[in-house]
Amino acid sequence: MKFTDLGLDERLLEGIDAMGYEIATPVQQQVIIPILEGKDIIASAQTGTGKTAAFLLPLMHQLLTHPHEAHDINAMIIVPTRELAVQIAETMEGLSYFTSVSSIAVYGGGDGTTFSTEKKALTHGVDIVICTPGRMIAHLNMGYVKLKGLRYLVLDEADRMLDMGFNDDIMKIISFLPKQRQNLLFSATMPAEIRALADVLLRDP
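None of the values given here were measured: they were computed from a predicted structure.

S.K.: How would you sum up the overall build of the protein chain? Please name residues and give values.
M.R.: Within the protein chain, the regular secondary structure consists of nine helices and six strands. The C-alpha atoms of the protein chain give 16 Å as radius of gyration, which agrees with the globular expectation for 205 residues (17 Å, within 12%). Here the C-alpha coordinates of the protein chain stretch approximately 45 × 40 × 30 Å along the principal axes. Evaluated residue by residue, the protein chain yields a buried proportion of 52% over its 205 residues. Computing the positive centroid from 17 side-chain charges and the negative centroid from 25, the protein chain places the two 7 Å apart.

Shown next, in the form of structure tokens:
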């Protein structure tokens, strides 16, 4: 299936074309349309299968085609590591090149300037935040993160996050989010712990 068959916004198709993509991978074919239909998703997908674009493209399409509050955070993608946050942010930059969709990667390890830049984006609003759990909690604890308009939550590499002991952190972040939202969970493996998390988070995935 070609990306042009998925009903995506023309501006996204320009970004897809510029990155040299033409045919959607199996995971992209399986999840993009259900995400566009507003369904919660649980997907088993390894790194390298195109799963990043599988959730970024429909999220960006929804933000481009549906009215939303410009001064809020509209989508949050929680990831286990700084490296993955950077990787997703780079893919996002390429795919969104011809659009107005904004994003920021929020992760530990930077200096005070980095934290200030993150604080500014989280205070004034940004379409998509890609974050590691610990760093996001540091910002949430300070009370300025604009989450009332959040409509989409993505957990990427959820099994790795649980292996690294982030379950409590994930649940704490979720406690700050609006109850009405679309949830997307991606995991390379599906152990009992992931299924239990899915039961808590997802509605009829």
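S.K.: So what's going on with the sheet that holds strand E1 (residues 41–44)? Which residues, and what values?
M.R.: Strand order across the open sheet formed by six strands is E1-E6-E5-E2-E4-E3, with parallel pairing between neighbours. Looking at which strands have only one partner, the edges of the open sheet turn out to be E1 and strand E3 (103–106). The mean angle between the axes of side-by-side strands here comes to 15°, regardless of whether they run parallel or antiparallel. Pairing geometry for strand E2 (residues 75–78) and strand E4 (residues 128–131), over four bridges, is parallel. Paired with Ala75 across the strands is Ile128, a residue of E4. The sheet contacts of helix H4 (residues 82–95) involve E2, E3 and E4, and relative to E4 the element is tilted by about 155°. On the sheet, helix H9 (residues 192–201) packs against E1, strand E5 (152–155) and strand E6 (182–187) and is oriented at approximately 175° with respect to E6.

S.K.: Residues and numbers for the environment of Thr123, please.
M.R.: Examined against the element boundaries, Thr123 turns out to sit in helix H5 (residues 112–124). Relative accessible area serves as the criterion here: at 25%, Thr123 is assigned to the partly exposed category. As for Thr123 and Arg203, which are separated by 80 residues in sequence, their C-alpha atoms are 29 Å apart. If sequence neighbours within four positions are ignored, Thr123 has contacts with Tyr144 and Lys146.

S.K.: Lay out the packing of helix H3 (residues 51–65) against H4 with the relevant residues and their values.
M.R.: Running from N to C, H3 and H4 cross one another at 50°; their axes reach a closest spacing of 11 Å. With respect to H4, the axis of H3 lies oblique. The handedness of the crossing between H3 and H4 comes out as right-handed. Of the residues in H4, those in contact with Thr52, Ala53, Phe55, Leu56, Leu57 and Met60 of H3 are Ile88, Thr91, Met92 and Leu95. Looking at the contact of H3 with H4, its residues break down into eight nonpolar, two polar and no charged.

S.K.: Can you break down the side chain of Ser96 residue by residue, with the values?
M.R.: When you line up the elements, Ser96 lands in the loop between H4 and E3. In this structure, Ser96 is in contact with Met60 and Val101, ignoring residues within four places of it in sequence.

S.K.: So, the pairing of E5: which residues are in play, and what are the values?
M.R.: The two faces of E5 match: Tyr152 and Val154 on one face and Leu153 and Leu155 on the other face are all buried. Where E2 lies against E5, four bridges are found, and the strand directions are parallel. Opposite Ile77, over in E5, you have Val154 as the bridge partner. Note that E5 and E6 share four bridges and pair parallel. Counterpart to Tyr152 in the pairing with E6 is Gln182.

S.K.: With reference to specific residues and values, describe H5.
M.R.: Its 13 residues give H5 an end-to-end C-alpha distance of 18 Å, which sits within 8% of 18 Å, the value for a rise of 1.5 Å per residue. Of the residues making up H5, those classed as buried are Glu118, Ala121 and Leu122. Seen from one end, H5 has its buried residues packed into an arc of 95°, which puts them on one side. Facing away from the buried side of H5, by more than 90 degrees, are the exposed residues Thr113 and Lys120. Next to the buried residues of H5 lie E3, E4 and helix H6 (133–140).

S.K.: Before we move on, can you summarise the pattern of salt bridges with the specific residues and values?
M.R.: Overall, the coordinates contain nine salt bridges when judged by the stated rule. Put simply, Asp9 and Arg11 hold a salt bridge, and the shortest N to O gap is 2.8 Å. Lys51 is the salt-bridge partner of Asp156, the closest N and O atoms lying 2.8 Å from each other. Separated by 105 residues along the polypeptide, Asp156 in the loop between E5 and helix H7 (158–163) and Lys51 in helix H3 bring together distant segments of the chain. Like Asp156, the residue Lys51 is buried in the burial classification. Among the ionic contacts, a cluster of salt bridges with common partners joins Lys51, Asp156, Glu157 and Arg160.

Cut-offs used in this document
Residues numbered from 1 in each chain as written. Predicted model: local features only at pLDDT ≥ 70, side-chain atom pairs only at ≥ 80, totals over all residues. Heavy atoms only, no water. Helix = DSSP H or I, 4+ residues; strand = E, 2+ residues; numbered from the N terminus. Rg over C-alpha atoms; globule rule 2.2 N^0.38 Å. Buried < 20%, exposed > 50% of the residue type's maximum accessible area, 1.4 Å probe, protein only. Lys, Arg positive; Asp, Glu negative; His and termini not counted. Charge placed at Lys NZ, Arg CZ, Asp CG, Glu CD. Pairing = 2+ DSSP bridges. Axes fitted to C-alpha atoms, helices over the stretch in contact; angles between N-to-C directions. Contact = heavy atoms within 4.5 Å. Parallel < 35°, antiparallel > 145°, perpendicular 65-115°, else oblique. Left-handed = near helix turned anticlockwise from the far one by under 90°. Nonpolar A, V, L, I, M, F, W, Y, C, P; charged D, E, K, R; others polar. Expected span 1.5 Å × (residues − 1). Arc of directions from axis to C-beta. Salt bridge = Lys/Arg side-chain N within 4 Å of Asp/Glu carboxyl O.

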